[in-house]
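Observations on the three-dimensional arrangement
Listed below are the residues making up each chain.
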Amino acid sequence: MFDTMTLTKAGGALCGALLIFLLGNWVAESLYTSGGGHGGEDHATTGYVLAVEDDAPTEEEEVEAVPFADLLAAADAEKGAKSWSKCKACHKLEDGANGTGPHLYGIVGRAIAAIDGFKYSDALTGLGGDWTPEELNAWLENPKDYAPGNKMTFKGFKKETERADLIAYLQTIGS
């Protein structure tokens, strides 16, 4: 069946593969981890300190929040069109053209969960109200927190300016 040469080759291949695996792991470990360096940890000291004026607010100072209405007034609809690319996989802008999500034609000012023929989650149908810019801002920040149990899997837009830009863009659609 098998001759000794075949068994020797198979054994050599197995040993070679194991050697490559072990050496590769050792090389990767040494390349991608940082040790204490130069004699171990906690031996590095600062030779001198540069005095730098700090523009960051101290604990006593509060960071002034810009009202969302002001952000929306200064929003750039062209930037919002670029942010729309994150939405267009599931939503359409044409009136009546639903995708995975409902169409967003005329969304600003429209009643929440109001598209006939679209199967909304109970989390959205129970909300009531309209999609005002402020409501859209809260929704776009984190849809799961806004309406727990809704079907939308998008994590949200973290930057408030990006949300304002997107809402400014959506206001131009269907108005």
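Presented here is an overview of the structure given in this document.

Structural notes on the nonpolar core
- Membership of the largest hydrophobic core comes to 28 residues, with the highest contact counts inside it found for Trp 84, Trp 131, Leu 166 and Leu 170.
- Elements with a contribution of two residues or more to this core: helix 2 (68–73), helix 4 (122–125), helix 5 (133–141) and helix 7 (160–171).
- If one sorts the elements of this core by residue count, helix 7 sits on top with 6 residues.
- Those residues in contact with Leu 166 that sit more than four places away from it in its chain are Gly 80, Ser 83, Trp 84, Cys 87, Leu 140 and Phe 157.

Some thoughts on the layout of surface pockets
- For the largest pocket, the calculated volume is near 570 Å³.
- As for the largest pocket, its lining consists of 30 residues, of which His 91, Gly 101, Pro 102, Trp 139 and Met 152 are closest to the centre.
- For the lining of the largest pocket, the secondary structure elements donating two or more residues are helix 5 and helix 7.

Focus: the packing of aromatic side chains
- Applying the stated criterion to the full structure yields 5 aromatic pairs.
- Ring plane angle 65° and centroid distance 4.9 Å describe the contact between Phe 118 and Tyr 120, whose orientation is recorded as edge-to-face. Across this residue pair, the class does not change: Phe 118 and Tyr 120 are buried.
- Ring pairs connect the aromatic residues Trp 131, Trp 139 and Tyr 146, which therefore count as one cluster.

With respect to the environment of Glu 78
- Take Glu 78: it is sitting in helix 3 (residues 77–83).
- Overall, Glu 78 belongs to the exposed group, its relative accessible area being 65%.

As for helix 5
- Within helix 5, burial applies to Pro 133, Leu 136, Asn 137, Trp 139 and Leu 140. Projection of helix 5 onto a plane perpendicular to its axis shows the buried side chains occupying an angular sector of 165°, all on one side.

Looking at the pattern of salt bridges
- Counting across every chain of the model gives 1 salt bridge.
- The residue Glu 162 makes a salt bridge to Lys 86 at a minimum N-O spacing of 3.1 Å. Highlighted residues: Glu 162 in helix 7 and Lys 86 in the loop between helix 3 and helix 4, separated in sequence by 76 residues.
- Residue class for Lys 86 comes out partly exposed when judged on its relative accessible area of 46%.

Some words on the packing of helix 5 against helix 7
- At a closest axis distance of 10 Å, the pairing of helix 5 and helix 7 adopts a crossing angle of 130°. Taken together, helix 5 and helix 7 sit at an angle that is classed as oblique. For helix 5 against helix 7, the interelement crossing comes out right-handed. Here Pro 133, Leu 136, Asn 137, Leu 140 and Glu 141 of helix 5 lie close against helix 7, whose contacting residues are Glu 160, Arg 163, Leu 166, Ile 167 and Gln 171.

Rules of the game
Throughout, residues of each chain are indexed from 1 in the direction in which the sequence is written. For a predicted model such as this one, the threshold for reporting local features is a pLDDT of at least 70, and the threshold for listing and counting side-chain atom pairs is 80 or more; totals across whole chains, interfaces and linings nevertheless cover every residue. Computation of side-chain values covers all heavy atoms of the structure but excludes hydrogens and water. For the purposes of this section, nonpolar cores are sets of buried Ala, Val, Leu, Ile, Met, Phe, Trp, Tyr and Cys residues that join through side-chain atoms within 4.5 Å. Between buried and exposed lies partly exposed: a residue is buried under 20% and exposed over 50% of the maximum accessible area for its type, with that area taken using a 1.4 Å probe on protein chains only. Secondary structure is summarised from DSSP: a helix means a run of H or I of at least four residues, a strand means a run of E of at least two, and numbering begins at the N terminus for each. Contacts are residue-level and defined by heavy atoms, with any inter-residue pair within 4.5 Å sufficient. Here a cavity denotes a set of grid points, spaced 1 Å apart and computed over the protein atoms alone, in which a 1.4 Å probe fits but from which it cannot get out, and a pocket denotes an open set meeting protein on both sides within 12 Å along at least five of seven lines; residues with an atom within 4 Å of a point are reported as lining. Grid points are joined across faces, edges and corners, and a volume is the space filled by probe spheres set on the points. When the centres of two rings from Phe, Tyr and Trp lie within 6.5 Å, Trp using its six-membered ring, the rings pair. Their planes under 30 degrees apart give stacked, over 60 give edge-to-face, and anything left gives tilted. Each direction from the helix axis to a C-beta atom contributes to the arc, which is the arc of those directions. Basic side-chain nitrogens of Lys or Arg form a salt bridge, by our definition, when they fall within 4 Å of a carboxyl oxygen of Asp or Glu. Fitted lines through C-alpha atoms serve as axes, helices being fitted only where they are in contact, and the angles separating the N-to-C directions of these axes extend from 0 to 180 degrees. Should an angle fall under 35 degrees it is called roughly parallel, over 145 degrees roughly antiparallel, and 65 to 115 degrees roughly perpendicular, with every other angle called oblique. Each crossing gets its hand from how the near helix is turned against the far one by less than a right angle, where anticlockwise is left-handed and clockwise is right-handed.

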